[in-house]
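Descriptive analysis of the structure
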Amino acid sequence: MIKTDILIIGAGPTGLFAVFEAGLLKLKCHLIDALPQPGGQCAEIYPKKPIYDIPGFPEVLAGDLVDNLMEQIKPFDPGFTLGERAETIEKQEDGSFIVTTNKGTKHHAPVVAIAGGLGSFEPRKPLLENLDQYEDKGISYIIRDPEVYRDKRVVIAGGGDSALDWSIFLADVASEVTLIHRRNEFRGALDSVEKVEELKKLGKINLITPAEITKLHGNGHLEAVTVKVDAEEQLLETDHFIPLFGLSPKLGPIANWGLEIEKNAIKVDNTLDYQTNIPGIYAIGDVNTYPGKLKLILCGFHEATLMCQSAYKRIFPEKRYVMKYTTVSGIDGFDGTRKEAEKAVIKTIN
Amino acid sequence: MSDINITITDREGTIHKVEAPTDMGMNLMELCKAWELPVEGTCGGMAMCASCQIYIHSDHPLPEMSMDEDLMLAEAFHVKDNSRLGCQIQITPELDGLEIEIAPEV
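Being a predicted model, the structure only gives us computed values, none of them experimental. Think of each chain on its own: its residues are numbered from 1, step by step along the sequence as written. Chains and ligands are labelled sequentially in the order written, the chains with letters from A and the ligands with numbers from 1. Local features in this predicted model are restricted to residues of pLDDT 70 or higher, and side-chain atom pairs are both shown and tallied only at a pLDDT of 80 or more, whereas totals for entire chains, interfaces and linings draw on every residue.

Comments concerning the overall build of chain A
- Runs of H or I in DSSP of at least four residues are treated as helices and runs of E of at least two as strands, each being numbered from the N terminus. Along chain A, the regular secondary structure elements total 7 helices and 25 strands.
- Taken along the three principal axes of its C-alpha coordinates, chain A extends 85 × 60 × 40 Å.
- Here a residue counts as buried when 20 or more other C-beta atoms sit within 10 Å of its C-beta, as exposed when there are 12 or fewer, and as partly exposed otherwise, the C-beta atoms being derived from the backbone. Burial statistics for chain A: of 350 residues in total, 38% are counted as buried.
- Contact between residues is assigned whenever the C-beta positions, reconstructed from backbone atoms, fall within 7 Å. Long-range pairs, those at least 24 residues apart, make up 60% of the contacts in chain A between residues at least 6 apart in sequence.

Description of the UniProt feature "domain: FAD/NAD(P)-binding" (unreviewed entry) in chain A
- Within this structure's numbering, the places UniProt gives as "domain: FAD/NAD(P)-binding" (unreviewed entry) are residues 5–291 of chain A.
- As a span, residues 5–291 of chain A carries 18% helix and 33% strand, and end to end its C-alpha atoms are 29 Å apart. UniProt positions are given in the numbering used here, feature names are shortened, and annotations may be inferred rather than shown by experiment.

Section: the domain arrangement of chain A
- Its domain assignment divides chain A into domain 1 (2–121 + 248–339) and domain 2 (125–245).
- Of note, the centres of domain 1 of chain A and domain 2 of chain A, computed from C-alpha atoms alone, are 36 Å apart. Boundaries between domains were set according to an automatic or database domain assignment.

As for helix H2 (residues 67–74) of chain B
- For H2 of chain B, the full list of buried residues reads Leu71, Met72, Leu73 and Ala74 of chain B.
- Residues of H2 of chain B that are buried in the fold lie against strand E4 (83–85) of chain B.

Observations regarding helix H4 (residues 161–170) of chain A
- Every buried residue of H4 of chain A is accounted for by Ser162, Ala163, Leu164, Trp166, Ser167 and Leu170 of chain A.
- The elements touched by buried residues of H4 of chain A are strand E12 (153–157), strand E13 (176–180), helix H5 (190–201) and strand E18 (240–243) of chain A.

Things to note about the sheet that holds strand E1 (residues 4–9) of chain B
Residues and elements named next belong to chain B.
- Within the open sheet, the 5 strands sit side by side as E2-E1-E5-E3-E4. Their pairing is mixed. Both outer strands of the open sheet, strand E2 (15–20) and E4, are each paired with one neighbouring strand and no more. Within this sheet the neighbouring strands show an average axis-to-axis angle of 35°, counted without direction.
- Note: strand E3 (residues 53–56) against strand E5 (residues 98–102), 3 bridges, orientation antiparallel. Across the sheet, residue tyrosine 55 finds its bridge partner in E5, namely glutamate 101. If DSSP finds at least two bridges between two strands, the strands pair. Between the N-to-C directions of two axes lies an angle of 0 to 180 degrees, each axis being a line fitted to C-alpha atoms and, for a helix, fitted only over the stretch in contact.

Remarks on unusual backbone geometry
Residues and elements named next belong to chain A.
- A cis amide bond links threonine 209 to the next residue, proline 210, at an omega of -20°.
- One can find proline 210 in the loop between strand E14 (206–208) and strand E15 (211–219).
- One non-glycine residue, lysine 26, adopts positive backbone phi at about 60°.
- Its place among the elements puts lysine 26 in the loop between helix H1 (13–24) and strand E3 (29–33).

Quick look at the UniProt feature "binding site: FAD" (unreviewed entry) in chain A
Residues and elements named next belong to chain A.
- According to UniProt, the "binding site: FAD" (unreviewed entry) feature falls on Thr14, Asp33, Gln41, Tyr46, Ala86, Phe121, Asp286 and Thr327. Their sequence span is 314 residues, while the largest C-alpha to C-alpha distance among them is 37.6 Å; these annotated residues do not converge on one region.
- With respect to the element layout, glutamine 41 can be found in helix H2 (residues 40–44).
- Classification of glutamine 41 as buried rests on a count of 25 C-beta atoms within 10 Å.
- Of note, phenylalanine 121 is situated in strand E11 (residues 120–123).
- A tally of 22 C-beta atoms within 10 Å means that phenylalanine 121 is categorised as buried.

Some words on the environment of lysine 28 of chain A
Residue and element names in this part refer to chain A.
- When you line up the elements, lysine 28 lands in the loop between H1 and E3.
- Among the residues examined, lysine 28 registers 17 C-beta atoms within 10 Å and is labelled partly exposed.
- With 48 residues separating them in the primary sequence, lysine 28 and phenylalanine 76 have C-alpha atoms 7.0 Å apart.
- Once you skip the residues sitting within four places of it in the chain, lysine 28 turns out to touch Thr4, Asp5 and Phe334.

Concerning the sheet that holds strand E22 (residues 281–283) of chain A
Residue and element names in this part refer to chain A.
- A sheet is described by the order of its strands in space; here 5 strands give the open sequence E6-E3-E2-E10-E22, paired in parallel fashion. On the outer flanks of this sheet lie strand E6 (79–82) and E22, each paired with one strand and no other. Each strand of the sheet is rotated relative to its neighbour by a mean of 20°, with strand direction disregarded.
- Two strands pair when backbone bridges link them, and strand E2 (residues 6–9) and strand E10 (residues 111–114) are joined in this way by 4 bridges, in the parallel orientation. Directly across from isoleucine 6, in E10, lies its bridge partner valine 111.
- Contacts from helix H6 (residues 297–315) reach E2, E10 and E22 within the one sheet, and its direction differs from that of E10 by about 160°.

Some thoughts on the pairing of strand E9 (residues 106–109) of chain A
Residue and element names in this part refer to chain A.
- Of the two faces of E9, the one holding His107 and Ala109 is buried and the one holding Lys106 and His108 is not buried anywhere.
- Across 2 bridges, strand E1 (residues 2–3) lies against E9 in parallel orientation. Bridge assignment links isoleucine 2 to a residue of E9, and that residue is histidine 107.
- Where strand E8 (residues 97–101) lies against E9, 4 bridges are found, and the strand directions are antiparallel.

Listed below in structure tokens is the structure:
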């Protein structure tokens, strides 16, 4: 059981900044995210795109913003459960919560802050007949253990970075890699496209474009796919099919936690502390809604800050505390590090 | 500049006749969101998610499809010949009377 002060669901910019504000109050945080890396949409969808409305940054790449946030929160030693989705929540007698992920990891905290953005990212599934019948029986949407594909025949579909990168990676693992895409052009990074081209020439990747998969065949386990090239269909035998058509966010299991939901977002009290209808559960950033809500990173930062102050009062109801300025007080990391403003040098003139 | 009229059919088949400003730098994805129609626009308008896919039902002159939009649609579902990404079509006076339909959710 992982124990922490504030359990943050969602490791996007808002969730990450909450770690910093909590750290100033000496509260420890642990984050759960369905994606394998922190940063949420910024890292997953548009890491190389600029953001122009972060106060004090005339321009910052989304990926750099995430890196900076990770650097900023490092002294407060956050824990991470990545690649797992928060599934269930149970309120304990003492008012604390136990959150369990889809992989069974349990987390215990007196305060839960949902910073889930638009939801957890789920793979977009192609519209193919009997698709669900072959899920985990030859079809997977996420590659967890590449060794599964060793010396097997693999078909990958998609035109973005993950389709390209995994085709390149599996070219050295699988016995046969076929990459199928509806266009001759790819959206991915130029060097990945060039690498695939090179591997195609070497005969290590079988590239079929413009084409799409139209049928699945098998008996219990996937055995072949039908590939439509121009108007002609051909049967391609394979052991695995990995459709990589990107991810789409879904509110998912959180929608069943008894929270008040409005338009796919969690209603919170914005006049006070962004708490939900369940005391002790807060919702911050894009996942919440209130009159006048704006889904902006800078608004998420503000909400995270107020949430932490309220969380402190909830955890230590008997303690009095006033907000401190980092310029005055410096930052005491949980790792023993200290950052502080340089002391003024006082010199006497004789 | 004056507003123009655009007809939007939502996923339930309900028809919404809406006014759209031509001077706010808005696109069709944002127009749908402004009228609280169920378009996700997850990526915010970068042609990177296809959650604002629409079908064009009138023959208005539209901006040519960029390679980004074309490749994103190549990986989207429920794509038809008249599919476009709403975020890639700016609202201009020439689009007065445009008829669009929101594609199914994925």
